[in-house]
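Chain by chain, the residues run as shown.
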Amino acid sequence: MANSEDNLFTSLIYRYFPYWPLFVLLFAFSCGAAWGYLHYFAVPSYDIAASLLIKDEQRGVNDPKLTESIDAFTSNKTVENEINIIHSHALMQVVVDELNLYAPIYEEDRFKSIPAYTSSPITIKLKYPEKAQEFGQVYFSYDSTQNQVKIDNLKYGLNKWVKTPYGIMWFSKNEKQLKTTANPLYFSIIHPKTVTNQLLDKIVIQASSKLSTVVDIFLSDPIPQRGEDILNSLIKTYTKVAVAERNKLATNTLAFVENRIKLVEDELKELENQVVAYKAKNGAVNLSEQGKQFLQNVGTNDRGISEINTQLAVLDKIESYVVSKNNSAGIVPSTLGVNDPVLLQLLQKLYDSEIQYQKLKDNTAENNPMLVSIKSEIESIRPGILENIANQRANLIASRTNLMATSNQYNAALQAIPQKERELLEISRQQLIKNNAYSFLLEKREETVLSYAPSAGDVRVVDMAVSSVLPTSPKPLYIYLVALVASCVIGFIIVVGKELLNSKILFRSEIESHTRAPIVAELSYVKQPKKGSVFKVPTEASVVEQFRQLRATMGLYGRTFTKKKIMVTSSLPGEGKSYVSTNLALSLASSGKKVALLDFDLRNPNTTAQFELFKEVGIIDYLSSDIGADQIIRPTQFPNLSIAPAGVEVGDHTELLLNGKLEQFFAYLEKEFDYVIIDTPPLELVSDGYLLTEYCDITLLVMRHAYTPKNLLQRLTQSNKLDSLNNVAIVFNGIKPRGFVKGQYGYGYGYGYENKYGNKSYRTGNVASKA
């Protein structure tokens, strides 16, 4: 693992370090751009947070028993539902209207616009914000001496509705102004729904933990005061709506109870008048003990029947309420006398779902997944309520039947009591029933009235909105880090793109991936003399050393080395075959070996021209006449080095290579010289090189860095042309340093020695032995 990391680090250093000035320049530019962005374009943003405590019985937070006994209308909530309500369009729309967020005011700085929530001298309110047309930038000025706002050369007063080209507006002094500004001011008009959606996207509401009922509300805003006002207004609106709904339910229940009390009072007065009239008319006497007992039993049964009738009436109203509802919110009928906890819980759940459905329906589409889910929940609750009502009705009817049968038995027994007493007892029994009902209604009225008493409610504010002291965005360290990464990425793209998109051969590995021929030398770039100039001995020590390494790599120093004839060719003109052949010949000659340099490039004899033998007797004349081989071999000013020029009639002489004299010519050269270096035409242009290969022992194919096309190498390999050459070895010529680093002798950070891991690799060994 450590070795792999070292290789990766070495590869990166090798590949990109030569371009360090480029990376430094890009990094300086990126840091400058980041600094400019932070100081001139970025608008700092602050984090604002608030928290609420929601009473959720499922998570262990509920009202104490005393509070429940006083406030019968407090409903238990779930944190998830309350989060959706707080995050609803309805509540946020109220906040937008209350704070006039649909008409934001900005101050225009040099490079950016800054919200002027605390610096604008005025605030703007629209009379009909829902109908207002949107405007981008409307510039205005404020005259503090005359308390007038100037828009488009028109002046408007404060604290009254005025008609402007942008709608009916109300201009007033900004009570939240903390500072003044000299920058130009302008306002925009945005549709309230657009502002609402933007705020809902920015606000994050979540429970502090899975088991907690504390809800945290977060908002990020460029103006801390505005962010605090938005969250505080949202909390205020949420609690206000919750209290209003509870009071509305209590008001409807109180009206129902008051109406019932009035009816019972009238019935009691009627019964009392009947008792007085009966006693005055008939002179009623005291009942016997037996009559009292029967009367007590009958009264008990009648009370039970009356309670059952009351419960049946309530069930009928509840059933009518459930059947007639169409997912619209409304007031649940009074459930007085109904004690079934399952039915009460289902009714409360239906009411809560309908309220939530109605809120979401006004602000979301009908196919909204949350709306469809709530509607399905409502439809699933109703059958359960109706089934429960049917079961209770059946049980109540059966109980009423039993009580009526028992009452009939008591009534039959009471028939034996004198008629007067029985009639008086009947009136007294009805009076007792009405008294009990009257007491019950009075008790419920007091409970309903007590529900108006101030209480902690279902929600408690833990923390009002508080903003961060310092901006939380943008973060300078993060921006500079992004700038650093961006500069590196851009640098990498430039370097990699420059090399990968290049259609020429740049790396040794590209040659090795397409051919198995060994690379025997990598020659650094040397500025070539003009065409036709006289050949000069290389003065750079690096060039001399590279050709020594070429001799060593080919094994030319071996005592038993017998392959003397070396053909130097290339695929295209300009790859440096003449440069390689002449310098290789000079290097061998300088070691004390007799070397013959043959210029077989009969069309473009550059080597001949370098030795000032152009248009003199040479190879063409030898092949086309009876001149002897010794007559065309010319000595040079360099010891041990001779040259055979191209000849007088330079041109296309390919057919002369087939006349059979080459075999005699090479036999003579092999006998007279230790090494024969043959400079041939490019392989892609003419076939001379393929004809001469049979007379040669080794073929050096020169490829030039950033010059030889990659597709040419692929074409040579795919066409198997290299297989027709004897003992092919490749010379990678003209290697330039990468980037801006000048490595000694062309090594270090050049292109030639790059391999898979970026390390230097050297081809050593005897080419002849490999062949």
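On a predicted model such as this, the values are computed, not experimentally measured, just so you know. (Residues numbered from 1 in each chain as written. Predicted model: local features only at pLDDT ≥ 70, side-chain atom pairs only at ≥ 80, totals over all residues. Heavy atoms only, no water.)

### Describing the overall build of the protein chain
And then number 1: Looking only at helices and strands, the protein chain features 22 helices and 21 strands.
And then number 2: Taking all 771 residues of the protein chain together, the buried fraction comes to 43%.
And then number 3: The long-range fraction of contacts in the protein chain, counting pairs at least 24 apart against all pairs at least 6 apart in sequence, stands at 79%.
And then number 4: As displayed, the protein chain offers around 39900 Å² of accessible surface, 54% of which is attributable to carbon and sulfur atoms. (Helix = DSSP H or I, 4+ residues; strand = E, 2+ residues; numbered from the N terminus. Buried < 20%, exposed > 50% of the residue type's maximum accessible area, 1.4 Å probe, protein only. Contact = heavy atoms within 4.5 Å. Areas by Shrake-Rupley, 256 points an atom, 1.4 Å probe, with all protein chains shown as cover.)

### Quick look at helix 5 (residues 89-99)
And then number 1: Along helix 5, the positions that sit buried rather than exposed are Leu91, Met92, Gln93, Val95, Val96 and Leu99.
And then number 2: Residue Asn100 follows helix 5 closely and has a positive phi angle near 55°.

### A closer look at empty space enclosed by the protein
And then number 1: Following the criterion strictly, the structure yields two cavities of 30 Å³ or more and no others.
And then number 2: Empty space within the second largest cavity amounts to approximately 30 Å³.
And then number 3: Along the walls of the second largest cavity sit Asn84, Ile85, Ser88, Gln356, Lys359 and Leu360, which together make up its complete lining.
And then number 4: Contributions of two or more residues to the lining of the second largest cavity are made by helix 4 (79-86) and helix 9 (341-361).
And then number 5: Broken down by element, the residue count for the lining of the second largest cavity peaks at three residues, all from helix 9.
And then number 6: Across the lining of the second largest cavity, the residue classes tally to two nonpolar, three polar and one charged. (1 Å grid on protein atoms, 1.4 Å probe; cavity = no way out; pocket = protein on both sides within 12 Å on 5 of 7 lines; lining within 4 Å. Points joined across faces, edges and corners; volume = space filled by probe spheres on them. Nonpolar A, V, L, I, M, F, W, Y, C, P; charged D, E, K, R; others polar.)

### A few points about the pattern of salt bridges
And then number 1: Summed over all chains, the structure comprises 13 salt bridges.
And then number 2: The shortest N-O distance in the salt bridge between Lys202 and Asp221 comes to 3.5 Å. Placement of Lys202 in helix 6 (residues 192-202) and of Asp221 in strand 12 (residues 214-221) is noted, with a sequence separation of 19 residues between them.
And then number 3: By relative accessible area, which is 36% here, Lys202 ends up partly exposed.
And then number 4: Taken together, the shared-partner salt bridges in this structure form one network comprising Lys202, Asp221 and Arg226. (Salt bridge = Lys/Arg side-chain N within 4 Å of Asp/Glu carboxyl O.)

### Things to note about the pairing of strand 6 (residues 148-151)
And then number 1: Residues Val149 and Ile151 line the buried face of strand 6, whereas the alternating positions Gln148 and Lys150 sit on a face that is not buried.
And then number 2: Here strand 5 (residues 135-143) runs beside strand 6; their pairing, made up of three bridges, is antiparallel. Bridge pairing links Asp143 to Gln148 in strand 6.
And then number 3: Hairpin connection of strand 5 to strand 6: four residues between the antiparallel strands, including Asn147 at a positive phi of 50°.
And then number 4: Of the pairings in the sheet, the one linking strand 6 to strand 7 (residues 154-157) comprises four bridges and is antiparallel in character. Directly across from Gln148, in strand 7, lies its bridge partner Gly157.
And then number 5: Two successive antiparallel strands, strand 6 and strand 7, enclose a turn made up of two residues, where Asp152 displays a positive phi of approximately 55°. (Pairing = 2+ DSSP bridges.)

### Looking at helix 12 (residues 476-500)
And then number 1: When the terminal C-alpha atoms of helix 12 are compared, their 35 Å separation across 25 residues agrees well with the 36 Å that a helix rising 1.5 Å per residue should span.
And then number 2: Those residues of helix 12 that sit buried are Ile479, Ala483, Ser487, Gly491, Val495 and Glu499. (Expected span 1.5 Å × (residues − 1).)

### What to know about the environment of Phe440
And then number 1: By the secondary structure assignment, Phe440 is in helix 11 (residues 419-450).
And then number 2: Through-space distance from the C-alpha of Phe440 to that of Ile261 is 9.4 Å; in sequence the pair is 179 residues apart.

### What to know about the nonpolar core
And then number 1: Among the nonpolar cores identified, the biggest contains 52 residues, and Ile151, Phe171 and Phe187 are the most heavily contacted of them.
And then number 2: The residues touching Phe171, leaving out its near neighbours within four places in the chain, are Ile122, Thr123, Ile124, Val149, Ile151, Tyr156, Gly157, Leu158, Asn159, Lys160, Val162 and Thr164.
And then number 3: Ala629, Ala644, Leu725 and Ile730 belong to the second largest nonpolar core, which has 37 residues in total. (Core = buried A, V, L, I, M, F, W, Y, C linked by side-chain atoms within 4.5 Å.)

### Re the pairing of strand 16 (residues 595-599)
Consecutive residues of a regular strand have side chains that alternate between opposite faces of the sheet.
And then number 1: Most of strand 16 is tucked away: five of the five residues are buried.
And then number 2: Side chains Val595, Leu597 and Asp599 project from strand 16 onto one buried face, and the interleaved Ala596 and Leu598 project onto a second face that is buried too.
And then number 3: Here four bridges tie strand 16 to strand 18 (residues 641-644), and the two strands are oriented parallel to one another. Each bridged residue has a counterpart across the sheet, and for Leu598 the counterpart in strand 18 is Ala644.
And then number 4: Relative to strand 19 (residues 675-679), strand 16 runs parallel, the two being bridged by five bridges. The residue of strand 19 that forms the bridge with Ala596 is Val676.

### Description of the sheet that holds strand 18
And then number 1: Taken in spatial order, the eight strands make up an open sheet running 14-21-20-15-19-16-18-17, and their pairing is mixed. Of all the strands in the sheet, just strand 14 (519-524) and strand 17 (634-635) have a single pairing partner and so form its edges.
And then number 2: The pairing of strand 15 (residues 565-570) with strand 19 spans four bridges and is parallel. Within the sheet, the bridge partner assigned to Val568 lies in strand 19 and is Asp679.
And then number 3: Of the strands in this sheet, strand 14, strand 15, strand 20 (698-704) and strand 21 (728-735) are in contact with helix 14 (residues 541-554), which crosses strand 14 at around 180°.
And then number 4: Strands in contact with helix 19 (residues 661-672) are strand 15, strand 16 and strand 19; relative to strand 16, the strand with the most contacts, it is inclined by about 155°. (Axes fitted to C-alpha atoms, helices over the stretch in contact; angles between N-to-C directions.)

### Quick notes on the packing of helix 5 against helix 6
And then number 1: At a closest axis distance of 9 Å, the pairing of helix 5 and helix 6 adopts a crossing angle of 115°. When the axis of helix 5 is compared with that of helix 6, the two are roughly perpendicular. Regarding helix 5 and helix 6, the two cross each other, and that crossing is right-handed. Along the contact surface, helix 5 presents His89, Met92, Gln93, Val96 and Asp97, while helix 6 presents Pro192, Lys193, Val195, Thr196, Asn197, Leu199 and Leu200.
And then number 2: Grouping the constituent residues of the contact of helix 5 with helix 6 by class yields six nonpolar, four polar and two charged. (Parallel < 35°, antiparallel > 145°, perpendicular 65-115°, else oblique. Left-handed = near helix turned anticlockwise from the far one by under 90°.)

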